[in-house]
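# Structural overview for review
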Amino acid sequence: ILEEKEAATSQVVDNPPAIYDKQIQVTAPEDEEEETDKDEASTSSTSCGDFDHGDRSYLENVTSIFNCGSEDGTCHWYHPAKFLDGSCGVGKEFVPQLEYMKELYDSQELWLSGPPIVIPWASIVPAKMRTNPFKEGNWSRHNLSMTHVHKTGGTSLVSAFSSVLSRGATGKRHTVYMPGKKTLVLTAAQQRMRDKRIKDGMKVQNGPNKSVIYGSQFNQSSAFLDGATKYKREGDWGEKDHTLFAVVRDPAERFISAIGQATGAFGSSQNGIAKQLLDECLKDTAKATLNCFIDLMKTNSTWVEVHFTPMVLEISFATIYKDIPVAVFPFQEVPNLLKELAMNPVSKRKDGHKSGYRKSDVLTNMTVADYDDDMLKKLCEVYKMDAIFMKHIGMSTNCEKVMDF
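As a starting point, this report considers the structure included with it. (Residues numbered from 1 in each chain as written. Predicted model: local features only at pLDDT ≥ 70, side-chain atom pairs only at ≥ 80, totals over all residues. Heavy atoms only, no water.)

### Side note on the overall build of the chain
- Looking only at helices and strands, the chain has 14 helices and six strands in total.
- Buried residues in the chain amount to 50% of all 405 residues.
- Considering only residue pairs separated by 6 or more positions, the chain has 77% of its internal contacts joining residues 24 or more positions apart.
- Accessible surface, the chain: about 19200 Å² in total, of which carbon and sulfur atoms supply 47%. (Helix = DSSP H or I, 4+ residues; strand = E, 2+ residues; numbered from the N terminus. Buried < 20%, exposed > 50% of the residue type's maximum accessible area, 1.4 Å probe, protein only. Contact = heavy atoms within 4.5 Å. Areas by Shrake-Rupley, 256 points an atom, 1.4 Å probe, with all protein chains shown as cover.)

### Brief notes about the pairing of strand S3 (residues 142-146)
- Most of S3 is tucked away, with five of its five residues classed as buried.
- In S3, alternate side chains face the same way, and those of His142, Leu144 and Met146 on one face and Asn143 and Ser145 on the other are all buried.
- Relative to S3, strand S2 (residues 117-124) is paired through four bridges, and the arrangement is antiparallel. Bridge pairing in S3 links Ala122 to Leu144. (Pairing = 2+ DSSP bridges.)

### Quick look at unusual backbone geometry
- If you check the backbone angles, Tyr214 has positive phi at about 50 degrees while not being a glycine.
- One can find Tyr214 in the loop between helix H5 (188-199) and helix H6 (216-225).
- We classify Tyr214 as partly exposed; its relative accessible area is 28%.
- The backbone of Tyr321 shows a phi angle near 65 degrees, a positive value even though the residue is not glycine.
- Relative to the helices and strands, Tyr321 resides in the loop between helix H10 (311-318) and strand S6 (326-330).
- A relative accessible area of 3% means that Tyr321 is categorised as buried.

### What about the nonpolar core?
- Judged by nonpolar contacts, the single largest core of 43 residues is most densely connected at Met101, Leu110, Trp111, Phe317 and Phe389.
- Residue assignment for this core shows that the elements contributing at least two residues are helix H3 (95-106), S2, strand S4 (170-177), H6, strand S5 (243-248), H10, S6 and helix H14 (384-393).
- In terms of residue count, the dominant contributor to this core is H10 (six residues).
- Judged by nonpolar contacts, the second largest core, of 33 residues, contains Ile256, Ala262, Cys281 and Val362. (Core = buried A, V, L, I, M, F, W, Y, C linked by side-chain atoms within 4.5 Å.)

### Some thoughts on the state of the cysteines
- Counted according to the given criterion, the structure contains four disulfides.
- A disulfide bridge connects Cys48 with Cys88, and the sulfur atoms are separated by 1.9 Å. In this structure the cystine formed by Cys48 and Cys88 twists about its S-S bond by roughly -80 degrees; its chirality is therefore left-handed. Within this pair, whereas Cys48 is found in helix H1 (residues 34-48), its partner Cys88 is found in the loop between helix H2 (80-83) and H3, the two being separated by 40 residues in sequence. (Disulfide = S-S within 2.5 Å.)

### Thoughts on helix H7 (residues 251-262)
- The terminal C-alpha atoms of H7 lie 16 Å apart, and with twelve residues this matches the ideal 16 Å at 1.5 Å per residue to within 8%.
- The element H7 is largely enclosed, with a buried count of eleven among its twelve residues.
- Residues of H7 that are buried include every one of Pro251, Ala252, Arg254, Phe255, Ile256, Ser257, Ala258, Ile259, Gly260, Gln261 and Ala262, and no others.
- On its buried side, H7 packs onto helix H8 (274-281), helix H9 (286-300), H10, helix H12 (361-364), helix H13 (373-382) and H14.
- For H7, the side-chain oxygen to backbone nitrogen distance between the N-cap and Ala252 is 2.8 Å, and the N-cap itself is Asp250.
- The first or second residue beyond H7 is Gly264, which carries a positive phi of 110 degrees. (Expected span 1.5 Å × (residues − 1). Polar contact = N/O pair within 3.5 Å; in protein donor to acceptor, adjacent residues only side chain to side chain.)

### Here we look at the sheet that holds S6
- The strand order S1-S6-S5-S3-S2-S4 describes an open sheet built from six strands, whose pairing is mixed. The outermost strands of the open sheet, each flanked by one partner alone, are strand S1 (76-78) and S4. Between one strand and the next, the sheet's axes are offset by a mean angle of 30 degrees, whatever the strand orientation.
- Alignment of S5 against S6, held across four bridges, turns out to be parallel. Looking at S6, one finds that Val248 is bridged to Pro330.
- Lying over the sheet, helix H4 (residues 154-166) contacts S2, S3, S4 and S5, oriented at roughly 35 degrees with respect to S2. (Axes fitted to C-alpha atoms, helices over the stretch in contact; angles between N-to-C directions.)

Structure below.
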């Protein structure tokens, strides 16, 4: 499906654009003298003892789920640029993958035929808001934004930002990146449907076309992200301040959802690779299908389709590699986040277990029970960065059963 191999992820950008924050550095080459390696390791160990991994403190006497670390806060503070700092970051071993992502972006090849990368934003001023039908009590005064990590309830949450705007909040949806389109490869039935839509005067997708990089929307998003801050007291919010949040999910659960999406579920039927994925890996049983997709990721890497991208890389890309805090919520908190944004907490814009949503009953009925220990270990090796990241911020995963950190 892809000719690129895992070795490709070790490539780095020689001259990254100035917009990238250069606190992220690539570690020294492996072919240096052994003595030098030992000296540098010793020096690094000493200097990293004082490394700032990011402020995780919380506000006293402030009741909000966004006040991470507090009694009411249900999130964890995460500092992506510090996690991926090339010298002392907990995730420094994954910097080459980050650099390769930058290369794909610069070559306009990143996540082709995928959805746009957006950051919705809303400023909530209680005096201007209409009643929230899904939450008791008054509105809280705060400015919120979100980086959409795929397969973590993000589509519902993006819609919820529209809901809160309809209730009186102000805001907009920023676009960090608009991926280009691959050359269309259509089945006979899809071609007939396309021809009919054209005949009826309806819009159809065209391709290929180039990704939009470093455009005006990117620059606006970059300036907006400079205002990202930890949660504030009611009277302390500045005009440009906003608390940026993300939702993350156990890698084993998220991978199953990603398979269902990437193989042509609603919103991904034109991703240019769904049919190939199904042809290669859809088997008679969920376990065999799941094992095939795990092997596919190990062989071809997670760049095969955007929904397979590790969460660590998605967050870093969407925050444009800036040294800013992100309030990270576990997937189980999605209903409470929806309530905060005046949306029905049981609503789901995408429900992979709903009959007919995915392309096969095998995919619809797939669960984490279909992993055996060997499969789970292979999967967690592929998503090692996500497992380490979640452990770093205080969240447990299925990977802890099969990996030593």
